[in-house]
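Architecture at a glance
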Amino acid sequence: MPPSTTSRPRPRRGEGQWALGYREPLNKNEENKKNDDGLNVRQRIIDVYSKAGFDSIDPADLRGRFRWFGLYTQRAPGIDGGKTAVLEPEELDDRYFMLRIRIDGGQLTVAQLRTIAEISTAYGRDTADITDRQNVQLHWVRIEDVPAIWEKLEAVGLSTTEACGDTPRVILGCPLAGIAEDEVIDASPQIRQIYDEHIGSPLFSNLPRKFKTSVSGCSVHCVNHEINDVAFAGVTGPDGTPGYDLYVGGGLSTNPMFARRLGTFIAPERVSEVWAGVCAIFRDYGYRRLRHRARIKFLIKDWGPERFREVLEQEYLGYRLPDGPEPVLDPGVRRDHIGVHRQRDGRYYVGFAPRVGRVSGTKLARIADIAEAHGSDRIRTTADQKLVVLDVEESRTEAVTAALEAEDLQVRPSVFRRQTMACTGIEFCKLAIVETKARGASLIDELEKRLPDFPEPVSININGCPNSCARIQVADIGLKGQLVTDADGRQVEGYQVHLGGAMGLNASFGRKVRGLKTTAEELPDYVERVLRRFLEQREEGEPFAL
Ligand code: SF4
């Protein structure tokens, strides 16, 4: 009799977890990381590649380790979205780089902003995008110029270390940390401590994949603790002192999950070591076999928050964490800091909106000039692709507003300018299928013309591919770039529509409605129809929520 194929359970394949003994690489990425730490590429860029030029770059560095210092090759111009999945990576590579500058907590001085502006104009063809993780990205960077760029950045205390790659990325923080009248706690010291103690450390330079952090005491939760790998959200602790509630395992992309509360109270002085414990669990127990499962959210989905907390306390911290309360969430509140508002020291901050985060080196220099001319030395980036100037005297707020608006940086933007975001898209991104930035900017202009008095906040987030760099699943209207069939049967750029995403008290992922797609050309008509239908059918006081 042949042996039964159904009666014996199949042995489970290992997930590549180091802590369970899987130290041998199970895929090419893991192999590259084992061969050489990504942090080591810095010296090769300085000593070899910047001198010998693009063609001298080892492919394993070019498409792997360069990311440890914020460098990605750009998409070669003129390759349409239909070829993205078909071509080999090297066929999509341009000889220029995107360079991501990390801005932890979104905190910049005038001198730092001016330096970024100068680098953009000197080495980046005057490009600059504010990202939804508070970074600035430049384009058209040549390998020959990278050492000079680093020198300039480091001279003002900025860096690109671990801005990309399988590393702890930039730490998000509220742009109003330390100045907001209603903040729970100023998280700046904790952000600084994590950065100083752990960023660039070989202990955390080989994670299964990227690791996103937020630390914030913002009362409106503007850095979206629900969708970070690890998040510390400000709360008042059991004894009345401020600290943090700890969340683990949030993330969007193709398998969106909201972070889970561990139910602990983290005192400010423990944040850095707890952060290191969570990051170390990810390093040791994270799934490394398949890239698409190599995020901490899959581990916590399998373990649950109780077991995760137990492992954190017993194996990594060596002490028990106290239980703690949840932060207070307000369902209707806007999670941004746009407009002119009072600081707790009596001065004012001015938050303003470029279109979909796109600025330029020239524009960043103007912002630095405007801030300085009005007595401010502090500029902040936000997690919504916007900027804020801090510390403006009341008597100067109108002048600052006028100067920014003269640069088309709106302090009182339309609802569309205020809440539309777009990822990098096909202009520069090798994974993209469609255009995003220019499309987002023209969508804003169209909607402002067609619906000038639209009364309700509405977020419109645009991605160039199924990844979720612009957070499509948590927008009111999320647009995922893909090729669609137009009325004439042609394959053209378009979007799959997700409706009704939200964060906060009523957190939910937008519904992907089957068949709900629009071509890029018809996008303004489509969005206009959705918004007009809302206006016709809304009940009094009803917010825009689909
Ligand atoms: Fe690129 Fe896709 Fe991310 Fe947009 S969402 S930046 S197209 S990877």
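These numbers were taken from a predicted model, which means no experiment stands behind them.

Another aspect to go through is the overall build of the chain. Along the backbone of the chain there are 14 helices and 20 strands. Against the 2.2 N^0.38 benchmark of 24 Å for 546 residues, the chain shows a C-alpha radius of gyration of 23 Å, consistent with a compact globule. Counting only C-alpha atoms, the chain reaches 80 × 65 × 60 Å along its principal axes. Buried residues in the chain amount to 50% of all 546 residues. Taking the contacts inside the chain whose residues are at least 6 apart along the sequence as the reference set, 69% of them involve residues at least 24 apart.

The subject of this paragraph is the sheet that holds strand β9 (residues 242–248). Note: strands within a sheet are paired through backbone hydrogen bonds, in either parallel or antiparallel orientation. Spatially, five strands are ordered β6-β7-β8-β9-β10 in an open sheet, and the strand pairing comes out mixed. Of all the strands in the sheet, the pair left with one neighbour each is β6 (168–172) and β10 (260–266). Here the strands of the sheet are splayed against their neighbours by 25° on average, with no regard to which way each runs. Taken strand by strand, helix α8 (residues 271–285) contacts β6, β7 (211–216), β8 (230–236), β9 and β10, and its axis lies near 160° from that of β7. Along the sheet face, helix α9 (residues 296–317) touches β7, β9 and β10 and points at about 50° away from the line of β10.

Now for the site of the ligand. Around the ligand, the structure places Cys423, Thr424, Gly425, Cys429, Leu431, Ala432, Asn463, Gly464, Cys465, Asn467 and Cys469. Counted by class, the shell around the ligand contains six nonpolar, five polar and no charged residues.

Moving on, we get to the nonpolar core. If you look at the biggest cluster of nonpolar residues, it comprises 145 residues, and the most contacted ones within it are Val248, Val278, Tyr349, Val350 and Val389. For this core, the leading source of residues is α8, giving eight residues. Non-local contacts of valine 350, meaning those with residues more than four positions away in its chain, are made with Val340, Val388, Val389, Val392, Thr397, Val400, Thr401, Leu404 and Val411.

Next up on the list: unusual backbone geometry. Glycine aside, a negative phi is what most residues show, and trans is what most peptide bonds show. Of note in the backbone geometry, glutamate 162 takes a positive phi value of approximately 60° without being a glycine. Looking at the element boundaries, glutamate 162 is found in the loop between α6 (146–155) and β6. For glutamate 162, a count of 29 C-beta atoms within 10 Å corresponds to the buried category. For glutamine 385, which is not glycine, the phi dihedral falls at a positive 65°. With respect to the helices, strands and loops of the structure, glutamine 385 is situated in the loop between β14 (378–381) and β15 (387–392). Residue classification places glutamine 385 among the buried residues on the basis of 26 C-beta atoms within 10 Å.

It is worth spelling out the pairing of strand β11 (residues 339–342) at this point. The side chains of a regular strand alternate between the sheet's two faces. Bridge analysis of β11 against strand β12 (residues 348–352) gives four bridges, and the strand direction is antiparallel. Opposite histidine 341, over in β12, you have tyrosine 349 as the bridge partner.

Spatially, five strands are ordered β3-β14-β15-β12-β11 in an open sheet, and the strand pairing comes out antiparallel. Each end of this open sheet is capped by a strand with a single partner; those strands are β3 (107–109) and β11. Adjacent strand axes in the sheet meet at a mean angle of 25° when their direction is disregarded. Here β12 runs beside β15; their pairing, made up of four bridges, is antiparallel. The residue of β15 that forms the bridge with tyrosine 348 is valine 392. Across the sheet, helix α5 (residues 110–123) touches β3 and β14, and the angle it forms with β3 is around 90°.

Rules behind the numbers
Residues numbered from 1 in each chain as written. Predicted model: local features only at pLDDT ≥ 70, side-chain atom pairs only at ≥ 80, totals over all residues. Helix = DSSP H or I, 4+ residues; strand = E, 2+ residues; numbered from the N terminus. Rg over C-alpha atoms; globule rule 2.2 N^0.38 Å. Buried ≥ 20, exposed ≤ 12 C-beta atoms within 10 Å, placed from the backbone. Contact = placed C-beta atoms within 7 Å. Pairing = 2+ DSSP bridges. Axes fitted to C-alpha atoms, helices over the stretch in contact; angles between N-to-C directions. Near = placed C-beta within 6 Å. Nonpolar A, V, L, I, M, F, W, Y, C, P; charged D, E, K, R; others polar. Core = buried A, V, L, I, M, F, W, Y, C linked by C-beta atoms within 7 Å.

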